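Residues per chain, in single letters:
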Amino acid sequence: MAAAPSTTAVPYLEKVDFMKLQNGSDIRGVAVAGVEGEPVTLTEPVTEAIAAAFSAWLLEMKRADASKPLRVSVGHDSRISAQVLQDAVSQGIAGAGLDVVQYGLASTPAMFNSTLTEDEAFLCPVDGAIMITASHLPYNRNGFKFFTNAGGLGKADIKIILERAADIYKSFTDQGLMKSKRKASESIKRVDYMTVYTSDLVKAVRKAAENIEKPLEGFHIVVDAGNGAGGFFAEKVLQPLGAITSGSQFLEPDGMFPNHIPNPEDKTAMKAITQAVLENKADLGIIFDTDVDRSAAVDSIGREFNRNRLIALMSAIVLEEHPGTTIVTDSVTSDGLTTFIEKKLGGKHHRFKRGYKNVIDEAVRLNSVGEESHLAIETSGHGALRENHWLDDGAYLMVKVLNKLASARASGIAGGSKVLTDLVEGLQEPGVAVELRLKIDQNHPDLKGGSFREYGEAVLQLLENHIESDPKLQKAPVNYEGVRASGFGGWFLLRLSLHDPVLPLNIEATNHEDAVKLGLAVSSAVKEFHALDTSALDKFIQT
Ligand SMILES: O=P(O)(O)OC[C@H]1O[C@H](O)[C@H](O)[C@@H](O)[C@@H]1O
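Residues numbered from 1 in each chain as written. Predicted model: local features only at pLDDT ≥ 70, side-chain atom pairs only at ≥ 80, totals over all residues. Heavy atoms only, no water.

Participant: Hey, could you go over the site of the ligand for me, with residue numbers and the actual values?
Facilitator: With respect to spatial proximity, the complete set of residues near the ligand consists of Arg354, Gly355, Tyr356, Glu378, His382, Arg437, Arg495, Ser497, Leu498 and His499. Within the side chain of arginine 495, one N or O atom sits 2.7 Å away from an oxygen atom of the ligand. Serine 497 is positioned such that a nitrogen or oxygen atom in its side chain is 2.7 Å from an oxygen atom of the ligand. In isolation the ligand offers 390 Å² of accessible surface; the protein chains occlude 87% of this area. Classifying every residue of the shell around the ligand by side-chain character gives two nonpolar, four polar and four charged. (Near = heavy atom within 4 Å. Polar contact = N/O pair within 3.5 Å; in protein donor to acceptor, adjacent residues only side chain to side chain. Areas by Shrake-Rupley, 256 points an atom, 1.4 Å probe, with all protein chains shown as cover. Nonpolar A, V, L, I, M, F, W, Y, C, P; charged D, E, K, R; others polar.)

Laid out in structure tokens, this is it:
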């Protein structure tokens, strides 16, 4: 029960209120009031407690070499709550006795990079980094991602930090908060770190192009940053490399995202960049999500390098450099992609679980047990390369694509982005590809007090039994998540969402009719589960 209304800046909160802010390996919540049914959960004191908890965690991690105060960098995307949360985060860090270095508008990968950069003039490397972002979520949300030089924090660390934050929060007083505010205002340092990060990207392309100063001279490349944090890519990366960037759009940060959702998985967003490429007769289009850890591209004739096609392109590039290497992907990749990677490119496709951190951790694990892997990539556009410290960086993925363009030009091959399009030649693409998200009603009596996860697992178990008794369906021989089967010239995967009480169903087939047959197979298996909202599936199989 909540305590009586108080005049303090620190209203009573339970530990569970903190735990609810965990979203896999991120923290996410509501930071702006005004949306019905979505009360603010990331208040300033909550944020300060989380930053203080991260600082305490970091102090423990780095205790051995903490002869001088630890440094933590703080950056944010274009959200309207960014400034308020940046102040609260800074107070949490300063209050814990650590040094705060603010970067202002930044990308998530740049924040990780700041733990690796060796440059004292920019107060680098930092010991820890906090990115304030909620990726492509609506304007009222926000959240945090945390990094050390070992990479992004995982689920288990986030849980510890939130538990600790709940305890710290309990000890907050109005006077204590005033004190940390004063401490922060006296000690915060500001650094233009994005200059360091972008010049690293520029250097990487120049190096790949035998140190030509402007290897992209003559290329016309348009960027769509969706009013997120990625606008820097046009001016600070492409232009110094000689590319023309006119026609680039939505480069100005605007946390209301007035043009489209900054998300390469969003159809409207992809349409917007495709249109910009065609209207400007550009060689290439590049699109980023809000915090630039994801990206996609569009070739000069408007074909998307997105989802399986982006993975195919990146696999082709990486397998040229590392023949035979294993490509780790998420679970919703197509059968056609496996054939392409294994038969055409001579690599190995390891289709693992959904979730960028899962994919990256799996690639790292494979290398540690002697299986060489250089690329971990998700259909969502998250991708990480071994050569880039397994940092999932949408901008770096595009650097690899630019390298390919530049080296083709250097060796006299003309034709704009055709060199890229040719690389994915032969990838079989389904006529129909859908993702239907089936919600589990957590208050339904069918759950019998159990969790939605248990309920979801029961649905999956029954579906698996059905597949085994259906001669038209073949269960995927190797599968790490949910239930995947092939049949009718296509496949489906039903799995539990990483975060929500939802069973996402992916279906791919040559045509709608076959996709419906796959949908019907799932539908007949799950029909007894009344807490499962199958309306999206019902609608699909009726059309
Ligand atoms: O399991 P889902 O609900 O489909 O969500 C899965 C997605 O969640 C987040 O957005 C992660 O950043 C992605 O890496 C992941 O793919």
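Participant: An account of the pattern of salt bridges is needed here, citing residue identities and associated values.
Facilitator: Tallied over the entire structure, the rule returns 35 salt bridges. The salt bridge involving lysine 15 is made with aspartate 167; its shortest N-O contact spans 3.7 Å. Placement of the pair is lysine 15 in helix H1 (residues 15-19) and aspartate 167 in helix H5 (residues 155-170), with a sequence separation of 152 residues. With relative accessibility at 36%, the residue lysine 15 sits in the partly exposed group. A residue is classified by how much of its surface remains accessible, and aspartate 167, at 41% relative accessible area, is partly exposed. The salt bridge partner of aspartate 17 is lysine 20, with a shortest N-O separation of 4.0 Å. In this structure aspartate 17 comes out as partly exposed when scored by relative accessible area, which is 27%. With relative accessibility at 63%, the residue lysine 20 sits in the exposed group. Overlapping salt bridges bring together Glu265, Asp289, Arg294, Arg307, Asp330, Arg354 and Glu378 as one network. (Salt bridge = Lys/Arg side-chain N within 4 Å of Asp/Glu carboxyl O. Helix = DSSP H or I, 4+ residues; strand = E, 2+ residues; numbered from the N terminus. Buried < 20%, exposed > 50% of the residue type's maximum accessible area, 1.4 Å probe, protein only.)

Participant: Describe the environment of glycine 426, listing the residues and the values that go with them.
Facilitator: By the secondary structure assignment, glycine 426 is in the loop between helix H14 (418-423) and strand E18 (432-440). Along the backbone, glycine 426 and serine 295 are 131 residues apart, and their C-alpha atoms lie at a distance of 23 Å.

Participant: Could you give an account of the packing of aromatic side chains, with specific residues and numbers?
Facilitator: Across all of its chains, the model carries twelve aromatic pairs by this definition. Residues phenylalanine 232 and phenylalanine 233 carry aromatic rings whose centres are separated by 6.3 Å and whose planes lie at 70 degrees to one another, so their mutual orientation is edge-to-face. Residue phenylalanine 232 shares its accessibility class with phenylalanine 233, and that shared class is buried. An angle of 85 degrees between the planes, with centres 5.5 Å apart, marks the rings of tyrosine 455 and phenylalanine 529 as edge-to-face. A residue pair is termed long-range when its members are at least 10 positions apart, and tyrosine 455 in helix H15 (residues 452-468) and phenylalanine 529 in the loop between helix H16 (512-526) and strand E23 (532-533) qualify at 74 residues. (Phe/Tyr/Trp six-rings, centres within 6.5 Å; stacked < 30°, edge-to-face > 60°.)

Participant: Got a sec to walk through the sheet that holds strand E20 (residues 483-487)? Specific residues and values, please.
Facilitator: In space, the six strands of this open sheet follow the order E19-E20-E21-E22-E18-E23, with antiparallel pairing throughout. Single-partner strands in this sheet number two, and they are strand E19 (474-475) and E23. Where E19 and E20 come together, two bridges link them in antiparallel fashion. Within the sheet, the bridge partner assigned to glutamine 474 lies in E20 and is serine 486. (Pairing = 2+ DSSP bridges.)

Keep in mind these values describe shape, not function.
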